[in-house]
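Results of the structural survey
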Amino acid sequence: MPDVTPLPAATPIRMGSNAGQPRTRADGLLKVTGRATYAADNHPAGMAQAVLVTAAIARGRVTAMNVEAARAHPGVVEVYTPANRPELALEPDAKPSFFSKLTETLQDDTVRYEGQPIALVVAETLEAATEAARLLAPQYAAETARVGFDLAPYAPESVGFGFPIEMSKGDIAAGLSEAASTTETVVETPPQYHNAMETHAIVAEWKDGKLYLDTPTQAPGMSAAGFAAWLGLDPADVVIRSPFLGGGFGSKAAVVGAFLLAIQAAKLLDRPVKLALARHQMFGHVFHRGATRQTIKLGMDAEGRLTAIDHHTTAVTAAFEEFIEGASGAARTTYAAPAIRASHDGVRNDVGVPGAMRAPGEASGSAALEIAADVAAEAAGLDPLEFRLRNYAETDPMSGLPYSSKALRECYAEGAREFGWAGRPLAPRQMTDDAGMLVGWGVGTATFPCPMFGAEARATLRADGTAVIETALIDMGQGSWTAMAQIAADSLGLDVEQVEIRGGVSDLPDSGVAGGSGYTATLGLAIDNAGGDTIRQLAEIASSDPDSPLHGTGNTRVVARGGRLYAQDDESRSESYADILARAGRETLSGEGKGARGENDANDHSFQSHGAVFAEVKVDPDLGQVRVTRLVGAFAAGRIINPRMVESQLSGGMIWGISFALHEGAEMDPRTGRILNRDFGEYHVSVNSDAPSVKVLTIPEEDAFVNPLGVKGVGEIGVTGTAGAIANAIWHATGKRVTSYPIRLEELLDL
Ligand code: MOS
């Protein structure tokens, strides 16, 4: 083994063309052949089946349950109620982390929302547990449930993920009073529930002093730490396996009270326990997008330039816990104005606590702000696209910081060209098709921030010159397994086939959070740094070895490419990774990397992805039925690692935008506080026939500041802008301005 001379900590150049390729999904074959295992697919020997019993009232108390009958049912192992609930290491309402808010663990007989856990039945079979759960037949003392916006508002502690409840700049009053014209638009958005295809599930097994959990999580490390905190365990003794998620959308990053019960049951009964929520139990206990009522006042000068944006959101949150939808954040990030105020208050309903749901804040906020912008454009007599260009934010509207990059102008232009926006009649109700349908076109601006939450990875070169990347990678359907492999290969100067990714388990390096649209940027950077660290060490070995053709090159003057190191200034000097390792007597060589935002970046730039969405709708003038016939979205989101996955993310987001505009919404019964549509039959989401043509354009954008990879993120931005574009197209088709989502045909019956 050569004497290794440590060289200055510089990373060699690594070259590869894996990133940028439209590779198909690395996990595609596993999924279509049914070999990708989801949490509930696991059946360890001796496993018992648990069924959760949830409250059928929104507020009050459980006065009786027929525990005797349930216990007596054949096959029942145990029934847990507040009378015999397992103790936790922390108070159930404690918050060991921001995400840890859902902690109903049978602490008492009170009911705080419909769908709250009130008992857990464990049996030998799912059928026995289901029947015993039915036999419990809970009796309640119900109190009047608090429902809707018309309750006394209160000032929350913070908004979304810790933003202040109010942010402002300039003189709002002056901006409005001195305006040539003003508009006021009030928009309501309903409660929406994530409803991933895979319902929340857990298989808990205590073995060899450790707790093994098969459960879907967007953040394995954070989830393991959360479970450990409540259970009084060392986080290293909690191992979560979560290779695949059947969708997450923000709902699968937290510790859930029902899961704690299943884990404790497994311990007390000394056997593995499985619990999978029923579809109706997805409505309440596992987060939702809280309802909002947003009031947006805009002032304009005579040319339609905004003089003031005053965006106020009243957000519905839980009676016992707080999460405020940061919808007014849209006003901070979308249009330029000398005076901007983004404010929030809350009202407390008897609902499960809201939380992050795909594009939290911006989805609801842009759905309202884009209608308000359209109303203002109409008042100014301007084409809606021209209005948006006139109010283009050259710098961050609230902070004034320069953008790290912003190709929104190109998004507007390319999207409009692809859509055929030119020649759009200014007035509504001017276009019909051959079948007599009213045709309308609308536009919306899409924005979403580019956060980075921190992640770690380890890269290991093996004697044969191939490599393995280790990190607790999860894939919830977004294609992360595929994109990370491409980044990994380039980081090591290898082909993607030569790199294995070992992920999906929380005892690997912490993969951070697949959320906030920051996964590719954050974990990708960790992987890139791990690869860089490995190649740097390899270069040190070669450079220090008199027998290597690269002796004396130093690590800054080599290039890693195709499994070989080359001297930068003399490509005839090169050596394969395998040869370098063999001569050094190394079986493996490992490097580590972290991904996080640069320390000072936040002070220097504003980081946002951008886009423009154009919608065409056709409305039946007799029936009021709305069809989205065309959607074009043009997005600029920095460097694109995998165009196929990115298009899939963006079009999927836009289809969610259709869902937001026309379909999704929990119907709260004002008398009882119960949700009337707690299933896929009645809670509508867009399906194929609702989305006939969705076209995605990605606008090239280089970003030297957002992170060293130049990746901004695409997971959520597709939802933003789209709902507003559709609402505006409906106005353009019909002349009717509907300001309450989802837009239903009963609002369009009098056309
Ligand atoms: Mo997301 S709502 O950041 O998973």
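1. Focus on the packing of helix H8 (residues 362-380) against helix H16 (residues 722-734)
Two numbers describe how H8 lies on H16: the axes approach to 7 Å, and their chain directions differ by 40°. Along this stretch, H8 crosses H16, giving a crossing that reads as right-handed. Contacts from Ala 367, Glu 370, Ile 371, Asp 374 and Glu 378 in H8 reach Ala 723, Gly 724, Ala 727, Asn 728 and Trp 731 in H16.

2. Observations concerning the sheet that holds strand E14 (residues 292-300)
Strands sit in the order E8-E16-E15-E14-E9 across an open sheet of five strands; the sheet is mixed. The outermost strands of the open sheet, each flanked by one partner alone, are strand E8 (166-169) and strand E9 (181-189). With strand direction ignored, the average angle separating the axes of adjacent strands in the sheet is 15°. Relative to E14, E9 runs antiparallel, the two being bridged by nine bridges.

3. Some remarks on the pattern of salt bridges
According to the stated counting rule, one finds 45 salt bridges in the structure shown. Note that Glu 592 and Arg 458 form a salt bridge whose closest N and O atoms lie 3.8 Å from each other. Placement of Glu 592 in strand E25 (residues 588-595) and of Arg 458 in strand E19 (residues 455-462) is noted, with a sequence separation of 134 residues between them. Taken together, the salt bridges that share partners define one network made up of Arg 458, Arg 462, Glu 470, Glu 500, Arg 502 and Glu 592.

4. A word on the domain arrangement of the chain
Segmentation of the chain into domains returns domain 1 (11-36 + 453-596), domain 2 (48-143 + 195-282) and domain 3 (356-451 + 603-748). Relative to domain 2, the C-alpha centre of domain 1 lies at a distance of 39 Å. Domain 1 puts 21 residues into the contact, and the matching count from domain 2 is 18 residues. By the criterion of area lost to domain 2, the three top residues of domain 1 are Ile 474, Met 476 and Ser 506, representing 38% of everything that side buries. In this assembly, domain 1 and domain 2 are joined by zero salt bridges. For the interface between domain 1 and domain 2, the tally reads six residue pairs in polar contact (both at pLDDT 80 or more).

5. Side note on the packing of helix H11 (residues 480-492) against helix H12 (residues 519-544)
Look at H11 against H12: their axes get within 8 Å of each other, and the N-to-C directions meet at 30°. Overall, the two elements H11 and H12 adopt an arrangement that is roughly parallel. Relative to H12, H11 is oriented so that their crossing is right-handed. Judged by residue contacts, Ser 480, Met 484, Ile 487, Ala 488, Ser 491 and Leu 492 of H11 engage Tyr 519, Thr 520, Leu 523, Gly 524, Ile 527, Asp 528, Gly 531, Gly 532, Thr 534 and Ile 535 from H12. Broken down by class, the residue content of the contact of H11 with H12 amounts to eight nonpolar, seven polar and one charged.

6. Some points on the pairing of strand E23 (residues 564-567)
Taken together, the four bridges between strand E22 (residues 558-561) and E23 define a ladder with antiparallel strand orientation. If you follow Val 559 over to E23, its bridge partner there is Tyr 566. Adjacent in sequence and paired antiparallel, E22 and E23 are bridged by two residues, among which Gly 562 carries a positive phi angle near 55°. The antiparallel pairing of E23 with strand E24 (residues 570-576) creates a hairpin that spans two residues between the two strands.

7. A look at H16
Taking 1.5 Å of rise per residue, 13 residues should cover 18 Å, and H16 covers 18 Å from first to last C-alpha, within 8% of that figure. Burial analysis of H16 places 13 of its 13 residues in the buried class, which makes it a mostly covered element. With its phi angle positive at about 80°, Gly 735 sits one or two positions after the end of H16.

8. Quick look at the packing of aromatic side chains
Using the criterion set out here, one finds 13 aromatic pairs in the structure. Pairing Trp 421 with Phe 614 gives two aromatic rings, centres 5.4 Å apart and planes at 65°, and the pair type is edge-to-face. Of the two residues, Trp 421 is situated in the loop between helix H10 (408-419) and strand E17 (431-432) and Phe 614 in strand E26 (residues 608-619); the sequence distance between them amounts to 193 residues. Summarising the burial analysis for this pair, Trp 421 and Phe 614 share the class buried. Through successive ring pairs, a cluster of aromatic residues spans Phe 419, Trp 421, Trp 441 and Phe 614. Residue placement shows Lys 406 over the ring face of Tyr 392; its charged tip is 4.3 Å from the ring centre. Over the ring of Tyr 566 we find Arg 561, and its NZ or CZ is 4.3 Å from the ring centre.

9. Considering the nonpolar core
One finds Phe 614, Val 617, Leu 662, Ile 726 and Tyr 741 to be the most contacted residues of the largest nonpolar core, which totals 82 residues. Looking at which element gives the most residues to this core, the answer is H8, with ten residues. In this structure, Phe 614 is in contact with Leu 385, Cys 411, Tyr 412, Gly 415, Ala 416, Phe 419, Trp 421, Gly 442, Val 443, Arg 630, Leu 631 and Val 632, ignoring residues within four places of it in sequence. The next biggest cluster of nonpolar side chains, apart from the first, holds 50 residues, and it includes Val 499, Leu 525, Leu 589 and Val 711.

10. A word on the sheet that holds E19
Strand order in the open sheet formed by four strands is E21-E20-E19-E25, and the pairing between neighbours is mixed. Only two strands of the sheet have a single neighbouring strand rather than two, namely strand E21 (499-502) and E25. Between one strand and the next, the sheet's axes are offset by a mean angle of 20°, whatever the strand orientation. As paired elements, strand E20 (residues 467-470) and E21 share four bridges and run parallel to each other. Across the sheet, the residue bridging to Val 468 is Glu 500, located in E21. On the sheet, H11 packs against E19, E20 and E21 and is oriented at approximately 130° with respect to E21. Each of E19, E20 and E25 is contacted by H12, which is oriented at about 145° to E25, the strand it contacts most.

What counts, and at which threshold
- Residue numbers run consecutively from 1 along every chain, following the written order of its sequence.
- For this predicted model, a pLDDT threshold of at least 70 governs which residues receive local features, and a threshold of 80 or more governs which side-chain atom pairs are given and counted, while totals over whole chains, interfaces and linings are taken from all residues.
- Only hydrogens and water are removed before side-chain values are computed, so all heavy atoms of the structure are retained for them.
- To obtain an axis, a line is fitted to C-alpha atoms, over the contacting stretch when the element is a helix, and the angle between two such axes runs from 0 to 180 degrees between their N-to-C directions.
- Note on conventions: DSSP H or I runs of at least 4 residues are helices, E runs of at least 2 residues are strands, and numbering of each starts at the N terminus.
- Here a crossing is taken to be left-handed if its near helix is turned anticlockwise relative to the far helix by less than a right angle, and right-handed if that turn runs clockwise.
- Contacts are assigned to residue pairs that have any heavy atoms within 4.5 Å of one another.
- Only strands that DSSP links by at least two bridges are regarded as paired with each other.
- By definition here, a salt bridge exists when the distance from a side-chain nitrogen of Lys or Arg to a carboxyl oxygen of Asp or Glu is within 4 Å.
- Reported domain spans reflect what an automatic or database domain assignment gives.
- Summed over both partners, the accessible area lost on bringing two parts together, with a 1.4 Å probe, is the buried area.
- Polar contacts, as used here, are pairs of N or O atoms within 3.5 Å; protein pairs need one atom able to donate a hydrogen and one able to accept it. Residues neighboring in sequence count only if both atoms are side-chain atoms.
- Throughout this description, any angle smaller than 35 degrees is read as roughly parallel, any larger than 145 degrees as roughly antiparallel, any in the 65 to 115 degree range as roughly perpendicular, and the remainder as oblique.
- Gly is put with the polar residues, along with every residue not named as nonpolar or charged; the nonpolar set is Ala, Val, Leu, Ile, Met, Phe, Trp, Tyr, Cys and Pro, and the charged set is Asp, Glu, Lys and Arg.
- Expected span of a helix, by definition, is 1.5 Å for each gap between consecutive residues, and there is one gap fewer than residues.
- Note on classification: 1.4 Å probe, protein chains only; a residue is buried when its accessible area is under 20% of the maximum for its type, exposed when over 50%, partly exposed between these limits.
- In this scheme Phe, Tyr and Trp rings, the latter by its six-membered ring, pair at centre separations within 6.5 Å, and the angle between planes marks the pair as stacked below 30 degrees, edge-to-face above 60, and tilted otherwise.
- Only lysine NZ and arginine CZ atoms are considered, and such an atom sits over a ring when it is within 6 Å of the ring centre and within 35 degrees of the ring normal.
- Here, nonpolar core means buried Ala, Val, Leu, Ile, Met, Phe, Trp, Tyr and Cys residues that are tied together by side-chain atoms lying within 4.5 Å of each other.

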